[in-house]
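Coordinate inspection notes
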Protein chains: 2
Amino acid sequence: MQSLENSTERAKVKHGVDLSKLPRNMNMTSDSITANVHEMNANCDNERTKFIFQSLVNHLHDFVRETSLTTEEWMIAINFLTETGKISSDIRQEFILLSDTLGVSTLVDSMNNAKPPGATESTVLGPFFTEDAHDVEKGDSIASEGKGDYMYVEGRVTDIQGRAIPNAVIDTWETDGHGLYDTQYDERVGPDCRGRLRTAEDGSYAFRAVVPVSYPIPNDGPVGRMMSKLGRHVFRPAHLHVQIHALGYESLTTALFFKGDPYLTSDAVFGVKASLIIEPEIVEDLALSKSRGFKEAKPHAYLKHDFVLASVA
Amino acid sequence: MQSLENSTERAKVKHGVDLSKLPRNMNMTSDSITANVHEMNANCDNERTKFIFQSLVNHLHDFVRETSLTTEEWMIAINFLTETGKISSDIRQEFILLSDTLGVSTLVDSMNNAKPPGATESTVLGPFFTEDAHDVEKGDSIASEGKGDYMYVEGRVTDIQGRAIPNAVIDTWETDGHGLYDTQYDERVGPDCRGRLRTAEDGSYAFRAVVPVSYPIPNDGPVGRMMSKLGRHVFRPAHLHVQIHALGYESLTTALFFKGDPYLTSDAVFGVKASLIIEPEIVEDLALSKSRGFKEAKPHAYLKHDFVLASVA
């Protein structure tokens, strides 16, 4: 009976792995399983990958042992992770949101993006960056009319010595006055409240926008349910995202937060840094509103901020 | 300007969480983030959930710190997890497969399903169980004609004292002779190589099946790519899955493995236990093949095994 006889041969023919080098992986117990998984992974030819999986398996197994995780809880986790993947799309990244709310994103950011003294600090990217922002010229608006209270943003991009960095690419994105990013609207037709611009020869930049407001992270999915179970609010303080790329400088992913926001010290995703909190000025001068290009004659918020990039080492 | 003024009020009105009780979550560093996430989760009113997340966050963060995980590696993980969710469906569970291949499923099984001496040992469920198996009568076949070499399975379900357990529900499922479960065929029209039966008054059961063969776990998705990067083969030794439910007894999820299979000691999902390895007899007596109901006059494998259930404590 072929099916009971030829399997040894099939194994040799079909695979490069020498079975004799593998551990005698049988009769696994909660004590022996971890070392055995490591031994099974020992043929990995990439030392970095092997090291990462060693740490991952140790911590996953320790977590299960430490919590005496039940089969039912394991199944809840499987379903939670599956749903977190399924709800993600080109314009929604629930796993990033999960990483954000568990502090993992901020940890990864703090370890990878430490800036030298004098440089603008970084913060988490968040799940709302998109690649399709329109290019805007200096002074143009990144937001379409009616999306919120007017805000004018300007400043310079410089190096640590204060020297202008021309032609730096600034990506900026924010919520509208309802606390929603464009991608959160079912009927999104294109980018809004986001734009890409370049600094001038003197490092200066300027654009019109709207005043972003504090907002709940998307809470109609698995992460929202998790936050509810944890008794946590889902709000982020209002902020304007900024990402800057310039040749010869470390890229900067950061955001500006607004003084007085009640969520500054309990950001759902742990992203606030004191150095990134700004206090916009309210401009009542309607002539200035007009000269800055705002359509309606009403006050606007004025936000002046310089970004300082670290040189590439 | 409303958007810059009313946020404190919104926070109080909209949420039950007392912001004054939260930590001063700002300026997070790789040292301070972990304690801060715990403090943010401290309002969780379910002690078990709180404990699980405490352990989870500790281990996740320790993993990131221990590996000095780069932003690029973090993004690879985000994409991997997302894809693992997206490829899962009603008939494919890639997260269970991930759990299986990292030894987590076996660990959870060993911690939750320890059986008393004398009872049949458990092993992992795997991702191929379905709810839609047909009921089969004693001696009927769970496999349609032509799915593989014939196999006749029979035995009894008893308690530890050897007393018959009548009316126990046995779910059984297996690969066909090509090493594929019915759910792995695009054109699956219904259950095959799986069935549900009940033990008779004397605890006996019998059914016709096919000889399962060793097979690769689904390797066309993210878990398959992971296994390849780890230099691991993706094979499981041939086995027949059995799950038994009976009133007053602990449910049993187990499988029978076949002596001589080359993958018995390197099962890709760490599920083999020595007590579950059986050696079927090859029956050359064609009259017996006929009397057992096989259609073609050819030899069949004969597998006799009793399952012993532990009483509910």
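Here, the structure is the one placed above.
Predicted, not measured: the structure shown is a model, and the values here were computed from it. (Residues numbered from 1 in each chain as written. Chains lettered and ligands numbered in written order. Predicted model: local features only at pLDDT ≥ 70, side-chain atom pairs only at ≥ 80, totals over all residues. Heavy atoms only, no water.)

Topic: the packing of aromatic side chains
To keep it simple, the criterion reads: Ring geometry is summarised as follows: Phe, Tyr and Trp rings, the Trp one being its six-membered ring, pair when their centres sit within 6.5 Å, and such pairs are stacked at plane angles under 30 degrees, edge-to-face over 60 and tilted between the two. Strands are runs of DSSP state E lasting at least two residues, helices are runs of H or I lasting at least four, and both sets are numbered from the N terminus onward. Think of it in three bands: with a 1.4 Å probe and only protein chains considered, a residue is buried below 20% of the maximum accessible area for its type, exposed above 50%, and partly exposed in between. We call a charge positioned over a ring when the NZ of a Lys or the CZ of an Arg lies within 6 Å of the ring centre and within 35 degrees of the ring normal.
Evaluation of the coordinates by the stated rule reveals 21 aromatic pairs over all chains. When the ring of Tyr-150 of chain A is compared with that of Phe-294 of chain A, the centres are 4.4 Å apart and the planes differ by 25°; the resulting orientation is stacked. Within this pair, whereas Tyr-150 of chain A is found in strand E2 (residues 150–159), its partner Phe-294 of chain A is found in the loop between helix H9 (286–291) and strand E12 (300–304), the two being separated by 144 residues in sequence. Tyr-150 of chain A sits in the buried class, given a relative accessible area of 5%. Classification of Phe-294 of chain A by relative accessible area gives buried; the value is 5%. On the basis of an interplanar angle of 15° and a centroid distance of 4.8 Å, the ring pair of Phe-235 of chain B and Tyr-263 of chain B is categorised as stacked. Here Tyr-263 of chain B lies in the loop between strand E9 (252–258) and strand E10 (277–278) and Phe-235 of chain B lies in strand E7 (residues 235–236), a separation of 28 residues in the sequence. Each member of the pair, Phe-235 of chain B as well as Tyr-263 of chain B, is classed as buried. Grouped by ring-pair contacts, the aromatic residues Tyr-150, Tyr-152, Phe-294 and Tyr-302 of chain A constitute a single cluster. Against the face of Tyr-150 of chain B rests Lys-298 of chain B, its NZ or CZ located 4.7 Å from the ring centre.

What to know about the sheet that holds strand E9 (residues 252–258) of chain A
Residue and element names in this part refer to chain A. As a reminder, the rule being used: In this scheme, strands are said to pair when DSSP sees at least two bridges between them.
Spatial strand order, E1-E4-E3-E8-E9-E10: six strands in an open sheet with mixed pairing. Either end of the sheet is taken by a strand with one partner, and the two such strands are strand E1 (134–135) and strand E10 (277–278). Two strands pair when backbone bridges link them, and strand E8 (residues 239–245) and E9 are joined in this way by six bridges, in the antiparallel orientation. Each residue of the ladder has a partner; that of His-239, found in E9, is Phe-257.

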